[in-house]
Every structure is written in structure tokens, then in C-alpha cells.
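Residue-level structure breakdown
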Amino acid sequence: MRRALLAATALLSLASRAALAADTPEAPYVDDRSSAEAVVRSLYSAINRHEFARAWGYYGDTKPAKDFDAFVKGYDGTDRVEVKTGAVSDDGAAGSIYYNVPVAIQATDKQGEAKVFAGCYTLRQVNAQNQAAPPFDPIHIEKGALKPSTADFDEALPPSCGDGPPPPKKDTALEQAKKVFLATYGDQCDKDRLANEPEVFSIKYKDKNAQPGDPDRETRLFHFACSAAAYNESSVYYMTDEVDGVRQLQFAEPETDIRYENNDSNGKLLSVTVIGFQTTGWATNSDYDPNAHTITTFNKWRGIGDASDSGTYLFRNGDFSLVQYDVDASYDGEENPQTIVDYNTAP
């Protein structure tokens, strides 16, 4: 009875492991020799797929272990590896180009524990025109030196390797705005627009309490295009400064009570009354004017544009404020808006 129970337990364990293996998606196959960083990514594709002979083949005459068996054994406990590459520098010498690639990896073992390593890989590309007979020698890894890193994986990548200049300093505010935008609107926006870089503006201004000689303050404005319908395009704006960090811009809009003769919107317009205010994170058919420091919106209620609403938002004292709002509520084939909010004109 005990033997039967043990056998059943063993079979259940094997079945569970098989189910887990079936649920785990296979790492993508990447075998790309077109650039130095592509070779590094191909190396870790092979490691993730346990195709160690392929991984071994990305190295030149100098191998990463004393023999192939030792190389394979070094990955016994590894479940998966994530890799990042940085700005590549290169140096030509005697018919070859040497590439220095900053690399960071996060290796997760079979118990789920992750460790971060960082360093540099050196790769060599022998001039193809000088290789007159086979076997052809493609771009290959000459050496790689990765050391344990205490930094998070996202921050562990070395800024540069070799004698190449360090890459431009990362625009932290822009990257944070992109991350927040994608997290909030990534599943709502058109895919082709998600791939576009946002418009970026710098707004210099004096604080309202500034004293003579005080430096200018700076606010940065990020305009993300999101989606396009038949006649309206929707956008989202983010702002950042040294006090508030990155935040989404909200637009004030009046709530209106619109009355038509006989309650027929195609009939005579009787009145448009402001009954309150609300805010929205969406800007329709918007534009930022860096000279006037204004964002304007224009929302068509139908394609010909004879019925619409539009707002003007002025930057002052570090934020955008609604200063004018127009509504054209008559579906009469003509553009004849009326201003229902006006803070441009003195009372």
C-alpha cells in the first residue's frame, strides 16, 4: 500500500512539473549576427532556450570556460536570464573592428531568486572582404566580464565601455512621463500613436513671489498623441517641475444647460447656460503655442464643424488655467460660436 502511495505521489509530482513546463512559454529564438549588441542578445536567447552549443558558438577562439561541459554546468541552476545593452563604442585595428558593449543581466534561478550582473563585452568583426576562403568568421565575442551588481536591474547598465564617449544623460522626467502614460493609456490609444515620441516643451517663467535677481523656474510640458477618430484627435499632457514631479494636466470645462426650441437640436437655439465646472484629462484637437504659452482645444460635435466647443488655457504661476471657453451649439451649417467663459476681459 505504501509503495502504491509513493508511486502515485511521484507520478503526481511529475505531472505537476510537466504541467508547469507546458504553461511556461518558450523563450524566443534570436540568432542575429548583424551587430555587436544583436550577438549579445542572441547569446542569451540561446542560454534561455538551453541551446548551449549555439551559445558556445557566439564566442571566438577564446572561450568563456575551460571546455564546453564546464560552460554548460555553469548554467545548471539558471531558469532564465534578462539582458540589457547600452551605447556601443568601436575601434578599428588591422582589418578588424572591435566593439565594446555595456551589458546588464538579471539571472533568475530555479528557486525564483534573481541576481543582477553588469559589465562589458568585447566583440570582434573581421573585415568580410579579407575572408577569401571558408569558414567565414562572423562577428563574435572576444571576451566578457560581468560582475555582481547591487543596483536594481533597471539601473545596473554601465554608462559606457572602452574609450567611447558616454551616452547622453537620460532624460529622467521624460522617461517617467512615458512610463506613466503607457501604464495609464497603453490599452486605450492607437498603437501607431503609442510608438511616437511626445512633443516636449520647456517653459521658463518667474514665480509670482520672485524677488529681483531670482533665477527663472522651469516647467516642462509633454504632449502625447493618443487616438484619432473621424474628425477629432485626442491627446494627453503631462507636466513636470522640481516641486511636483510628473503629473497629468487636467483641463477645466464648463458644464452647460443648452435649450432648443421644441427641444429639437436642429431647431432654433434658445440659450446656453453655465451650470458648473468639471475637469478632464483629455484634450481634443489640441495645440500648444510656445509664444503665447497657451493650450487650445477644439472639439467638433459633428464632422462639418458647425457645432463645437473650444477652450483656451493660459500658463501662469506654474500651471494652466482656463481663460476662455466657446460653444457653438447651433447645428445650422455655420461656425458661429459664443463665448460662455471669459477671463481675458476685465469685468
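Residues numbered from 1 in each chain as written. Predicted model: local features only at pLDDT ≥ 70, side-chain atom pairs only at ≥ 80, totals over all residues. Heavy atoms only, no water.

What follows covers the side chain of Ser330. Note on placement: Ser330 falls in the loop between strand 16 (319–328) and strand 17 (338–342). Polar contacts involving the side chain of Ser330 include one to the side chain of Asp328, which spans 3.1 Å. Look past the residues within four positions of Ser330 in its chain and what remains in contact with it is Leu269, Asp306, Ala307 and Asn336. (Helix = DSSP H or I, 4+ residues; strand = E, 2+ residues; numbered from the N terminus. Polar contact = N/O pair within 3.5 Å; in protein donor to acceptor, adjacent residues only side chain to side chain. Contact = heavy atoms within 4.5 Å.)

Before going further, it helps to examine helix 5 (residues 172–185). Each full turn of the α-helix corresponds to 3.6 residues, which orients residues three or four apart in the same direction. Between its terminal C-alpha atoms helix 5 stretches 20 Å, which fits the 20 Å expected from 14 residues at 1.5 Å a residue. Listing the buried residues of helix 5 in full gives Ala173, Leu174, Ala177, Lys178, Phe181 and Tyr185. Buried residues in helix 5, looked at end-on, bunch into an arc of 135°, giving them a common side. Along helix 5, exposed side chains directed more than 90 degrees from the buried face belong to Thr172, Lys179 and Ala183. Packed against the buried residues of helix 5 are helix 6 (191–194), strand 6 (199–205), strand 7 (217–228), strand 8 (233–241) and strand 9 (245–248). (Expected span 1.5 Å × (residues − 1). Buried < 20%, exposed > 50% of the residue type's maximum accessible area, 1.4 Å probe, protein only. Arc of directions from axis to C-beta.)

Inspection of every chain in the model, using the stated rule, returns two disulfides. Disulfide pairing places Cys120 opposite Cys161 at an S-S distance of 1.9 Å. Of note, the bridge from Cys120 to Cys161 carries an S-S torsion of about -85° and is left-handed in sense. Residue Cys120 is located in strand 4 (residues 114–126), and its partner Cys161 is located in the loop between strand 5 (140–148) and helix 5; the two are separated by 41 residues in the primary sequence. Each sulfur of the disulfide joining Cys189 and Cys226 lies 1.9 Å from the other. On the S-S bond that ties Cys189 to Cys226, the torsion sits near -100°, and the link is left-handed. Taken together, the positions of Cys189 in the loop between helix 5 and helix 6 and Cys226 in strand 7 put the pair 37 residues apart, joining distant regions of the chain. Both residues of the pair, Cys189 and Cys226, belong to the buried class. (Disulfide = S-S within 2.5 Å.)

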